Amino acid sequence: QVRLQESGPGLVKPSQTLSLTCKISGTSITTSDFYWNWIRQSPDKGLEWIGYVAYSGYNYSGPSFQARTSFSRDTSKNQYTLNLMSVIPEDTGTYYCVRATMAPQYWFDVWGQGTQVTVSS
């Protein structure tokens, strides 16, 4: 069974960098045609897609995140990482790692439990 587990700090200060890691079990991060995403949620903004790391290593961020977001992966540890720089209080929310597969359309078929992040001084 495929499982995703987020980890990282629950509290960060404004202007710092938020680093979150998603560990994958039950399948390989390099398995063909899987995309590994970050999605966040807040009560006032709803669900917001941030970006992905593809099985090939290619990565892409949504236009509103490209200036301050980077993705990386570690195939030896079967995990991938989100770095969100210069955080502000509006970045507060629950962050999820999510698998997507092409069929040829995307299915967000596996979700982690989510991790709460608060940006506050």
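Residues numbered from 1 in each chain as written. Predicted model: local features only at pLDDT ≥ 70, side-chain atom pairs only at ≥ 80, totals over all residues. Heavy atoms only, no water.

A. A look at the overall build of the chain. Counting its secondary structure elements, the chain contains zero helices and eleven strands. Its helices and strands in sequence order give the chain the pattern β-β-β-β-β-β-β-β-β-β-β, from N to C terminus. Taken over the C-alpha trace, the chain has a radius of gyration of 14 Å; the compact-globule value for 121 residues is 14 Å, and the two agree within 12%. With the C-alpha coordinates aligned to their principal axes, the bounding extent of the chain is approximately 40 × 30 × 25 Å. The buried share of the chain, reckoned over its 121 residues, is 44%. Accessible surface, the chain: about 6,500 Å² in total, of which carbon and sulfur atoms supply 50%. (Helix = DSSP H or I, 4+ residues; strand = E, 2+ residues; numbered from the N terminus. Rg over C-alpha atoms; globule rule 2.2 N^0.38 Å. Buried < 20%, exposed > 50% of the residue type's maximum accessible area, 1.4 Å probe, protein only. Areas by Shrake-Rupley, 256 points an atom, 1.4 Å probe, with all protein chains shown as cover.)

B. Broad picture of the nonpolar core. Residues Leu18, Trp38, Tyr80 and Tyr95 are the most contacted members of the largest nonpolar core, which totals 24 residues. Of all the elements, strand S3 (residues 18–25) adds the most residues to this core, at four residues. When near neighbours in sequence (up to four residues on either side) are disregarded, Leu18 contacts Pro9, Val12, Leu82, Asn83, Leu84, Val87, Tyr95 and Val117. (Core = buried A, V, L, I, M, F, W, Y, C linked by side-chain atoms within 4.5 Å. Contact = heavy atoms within 4.5 Å.)

C. Highlighting the state of the cysteines. Applying the stated criterion across every chain yields a total of one disulfide. Across the disulfide from Cys22 sits Cys97; the S-S distance is 2.3 Å. Handedness here is read from the sign of the S-S torsion; for Cys22 and Cys97, about 70°, the answer is right-handed. One end of the pair, Cys22, is in strand S3; the other, Cys97, is in strand S9 (residues 93–102), with 75 residues separating them in the sequence. Neither residue differs from the other here; Cys22 and Cys97 are each classed as buried. (Disulfide = S-S within 2.5 Å.)

D. Representation of unusual backbone geometry within the structure. Residues other than glycine seldom take positive phi values, yet Asn78 does so here, at roughly 55°. Within the secondary structure, Asn78 is located in the loop between strand S7 (69–74) and strand S8 (79–84). We classify Asn78 as buried; its relative accessible area is 15%.

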